[in-house]
Amino acid sequence: FHGEKTPSFSVDAEKQLYYCFGCHAGGNVFHFVMGMERMEFAEAVTHLAERARMPLPQLREDPHYRERMAKRERMAEACRCAARFFHDQLLTAEGKRARDYFQRRGLSDRIVTRFGLGYAPERWDALLGHMERQGYEPAFLRECGLVNERDGRYYDAFRDRAMFPILDGRGKVVAFGGRVLGEGNPKYLNSPESEVFNKRQLLYALN
């Protein structure tokens, strides 16, 4: 929960409680997940139930919570859809540049597939057009960090880049990192923070 260099964190396995002597935080497994993963209680219950493969208890949810969770789920679905699009582009003639780049860096086809690596075409609306055909609105895609907007016009946030999907601890795609293949800056470009992506809470390949 905070920067610490001394052994101040204690866990009582029998009572299933924890306590931090540094910041005095304590509680059970639900409090721990809420603190570590920045989740609300209902999210923590859902997360733990999924990990334990237990039937999810019926939770009393307020409308705002349901709306927020539905939006986060749709954002993750949009990112997953984009990841599939980028990965499919590797098989195109244009995607050969990314395939060659991965090969030069010593990445086997197995690694490329396992991590879902891909390629963002050089066109300004390649992903945008694909996502619109899947039913996603440009303004929503901007919230996901997939497109940018200028003077009312939307365009792809990633262009001519080798793409690296970023997944959360539950295995859901929430963001991307892109390495430029041609000329251009920045050399490395990451998705902006969003409802589902917090840079401080994620480590690449954490899942």
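Note: the structure precedes this text.
Regarding the sheet that holds strand 2 (residues 17-20)
Turning to step 1, where the next piece is worked out: In spatial order, the strands read 1-2-3; together these three strands make up an open sheet with antiparallel pairing. Because the sheet does not close on itself, it has two edges, and the strands there are strand 1 (9-12) and strand 3 (26-27).
Turning to step 2, where the next piece is worked out: Of the pairings in the sheet, the one linking strand 1 to strand 2 comprises four bridges and is antiparallel in character. In the strand pairing of strand 2, Phe-9 is matched with Cys-20.

Things to note about the sheet that holds strand 9 (residues 188-190)
Turning to step 1, where the next piece is worked out: Ordered in space as 4-7-8-9, the four strands form an open sheet in which the pairing is antiparallel. The open sheet has two edge strands with one neighbour each: strand 4 (118-120) and strand 9. Taken over all neighbouring pairs, the strand axes of this sheet differ in orientation by 35° on average, direction set aside.
Turning to step 2, where the next piece is worked out: Sheet analysis places strand 4 next to strand 7 (residues 161-167), joined by three bridges and oriented antiparallel. Within strand 7, the residue paired with Ala-120 across the bridge is Arg-161.

Examining the layout of surface pockets
Turning to step 1, where the next piece is worked out: Estimated volume of the largest pocket: approximately 820 Å³.
Turning to step 2, where the next piece is worked out: Around the largest pocket sit 34 residues that line it, and Met-39, Glu-43, Arg-72, Asp-168 and Arg-170 are the ones nearest its centre.
Turning to step 3, where the next piece is worked out: For the lining of the largest pocket, the secondary structure elements donating two or more residues are helix 1 (29-37), helix 2 (41-52) and helix 3 (63-89).
Turning to step 4, where the next piece is worked out: For the lining of the largest pocket, the leading source of residues is helix 2, giving six residues.

Here is what the cut-offs are and how they apply
- Residues numbered from 1 in each chain as written.
- Predicted model: local features only at pLDDT ≥ 70, side-chain atom pairs only at ≥ 80, totals over all residues.
- Heavy atoms only, no water.
- Pairing = 2+ DSSP bridges.
- Helix = DSSP H or I, 4+ residues; strand = E, 2+ residues; numbered from the N terminus.
- Axes fitted to C-alpha atoms, helices over the stretch in contact; angles between N-to-C directions.
- 1 Å grid on protein atoms, 1.4 Å probe; cavity = no way out; pocket = protein on both sides within 12 Å on 5 of 7 lines; lining within 4 Å.
- Points joined across faces, edges and corners; volume = space filled by probe spheres on them.

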